[in-house]
Amino acid sequence: MEDLHFYRRLSIAPMLDYTDRHERYFLRMLSRNILLYSEMITAPALLHGEPERFLRHHPAEHPVALQLGGSHPQNLALCAKMGEDAGYSEINLNCGCPSDRVQSGSFGACLMKEAALVGECISAMQAAVKIPVTIKTRIGIDHDDSWEFFLDFIETTGRAGCDTYIIHARKAWLKGLSPKENREVPPLNYEFVFRLKALKPHLNISINGGVRTLAQTKELLQKLDGVMIGREAYENPWMLREADAEIYGKENPGWKTRKQLLEAFFPYVEEQLKDGCPLNIITRHLFGLFNGLPGARTYRRILSEKASKAGADLRVLKEAMNAVEEQVL
Ligand SMILES: Cc1cc2nc3c(=O)[nH]c(=O)nc-3n(C[C@H](O)[C@H](O)[C@H](O)COP(=O)(O)O)c2cc1C
């Protein structure tokens, strides 16, 4: 297996309610190399909930990183160990999510104001596991949006042992903006990220925010170690089909059509249905697959009307797929 930094050249962002194990399995079919991230799992949920359910993933997903939310060093260390034992390749600490729910638990973006505490969390987790422990963060929060503030956060956590950062290149407002607005309203500032890499070339730096194409990814990789894509990969997964060749210099999986890809996903869907998973839990991730093709709207309508009905099975997905007209490339 290659070094994790190789796979990190292109990663898929952690997205709550989106990047669950079904979505990750599906994206893995589009690229054997992209680094996948779990949804954020909070330390209290993992320690007091059902860890097997939260940590469950398919061996085919690898390499896959577990993102944790929390700010209690010892609890995070316990969770990191649980993640390592479950087979994850990396533990990532969320220092970038601005939702109210997250702030009340004192984790996510508000941790940018507590760099020393984040450093303690990193050290505790690193002492507990052998796999890499990384940070995903913003470039600032509220009025703390200067270069000096950002650099101090990186240097403080760096001294604690973190050497790999994924940076969502916009600041977050902790009050007044919804999480969705916080992904759109504060302007992107890639310059801060370029400047950081130029100043600290020994750090592994991935950039995140607003990347929509493999061409853009390749351009950013001229200056940085990695690019993380969130919404575009979710809404338009087909954009990843040539990632293995374009980004990694490897062979693409070679899907000729989206239908061919979807058909290859059917056995997984059947396996999950047999295991008691409702169809719509899987198909909700497939809405964007045929975007732009004739029949895509009917495809989505069939899925939204029928996939959540009791007993819905693969026939619904096939019926939806058959509504799409697709040319062979
Ligand atoms: C629905 C949704 C859920 C998200 N959940 C998380 C999360 O659990 N942890 C996290 O660090 N970021 C989360 N994010 C932020 C993304 O990881 C990413 O930083 C952001 O979407 C910007 O990247 P993009 O422009 O490529 O989408 C979420 C984003 C979306 C759209």
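Remember, it's a predicted structure, so these values are computed and weren't measured experimentally.

What counts as what
- Residues numbered from 1 in each chain as written.
- Predicted model: local features only at pLDDT ≥ 70, side-chain atom pairs only at ≥ 80, totals over all residues.
- Heavy atoms only, no water.
- Domains from an automatic or database assignment.
- Contact = heavy atoms within 4.5 Å.
- Buried area = accessible area lost by both parts, 1.4 Å probe.
- Salt bridge = Lys/Arg side-chain N within 4 Å of Asp/Glu carboxyl O.
- Polar contact = N/O pair within 3.5 Å; in protein donor to acceptor, adjacent residues only side chain to side chain.
- Pairing = 2+ DSSP bridges.
- Helix = DSSP H or I, 4+ residues; strand = E, 2+ residues; numbered from the N terminus.
- Axes fitted to C-alpha atoms, helices over the stretch in contact; angles between N-to-C directions.

Asks: What is the right way to read the domain arrangement of the chain from this model?
Replies: Much of the literature gives interface size as the accessible area that the parts lose upon coming together. For the chain, the domain assignment lists domain 1 (4-248) and domain 2 (258-322). Domain 1 puts 17 residues into the contact, and the matching count from domain 2 is 17 residues. For domain 1, the biggest contributors to the area lost against domain 2 are H22, F26 and W238; these three give 40% of the whole. Taken together, the links from domain 1 to domain 2 amount to two salt bridges. Across the salt bridge formed by D20 and R284, the nearest N and O atoms sit 3.1 Å from each other. At the surface where domain 1 touches domain 2, the tally comes to seven residue pairs in polar contact (both at pLDDT 80 or more).

Asks: How should the sheet that holds strand β2 (residues 35-42) be read in this particular structure?
Replies: Judged by pairing direction, the barrel is parallel, and its eight strands sit side by side in the order β1-β2-β3-β4-β5-β6-β7-β8 before closing back on the first. Taking each pair of neighbouring strands and ignoring which way they run, the sheet shows an average axis angle of 25 degrees. Contacts from helix α5 (residues 73-86) reach β3 (64-69) and β4 (90-95), with the element oriented near 160 degrees to β3. Against the sheet, helix α9 (residues 190-199) contacts β6 (164-168) and β7 (204-208), and its axis sits at roughly 170 degrees relative to β7.

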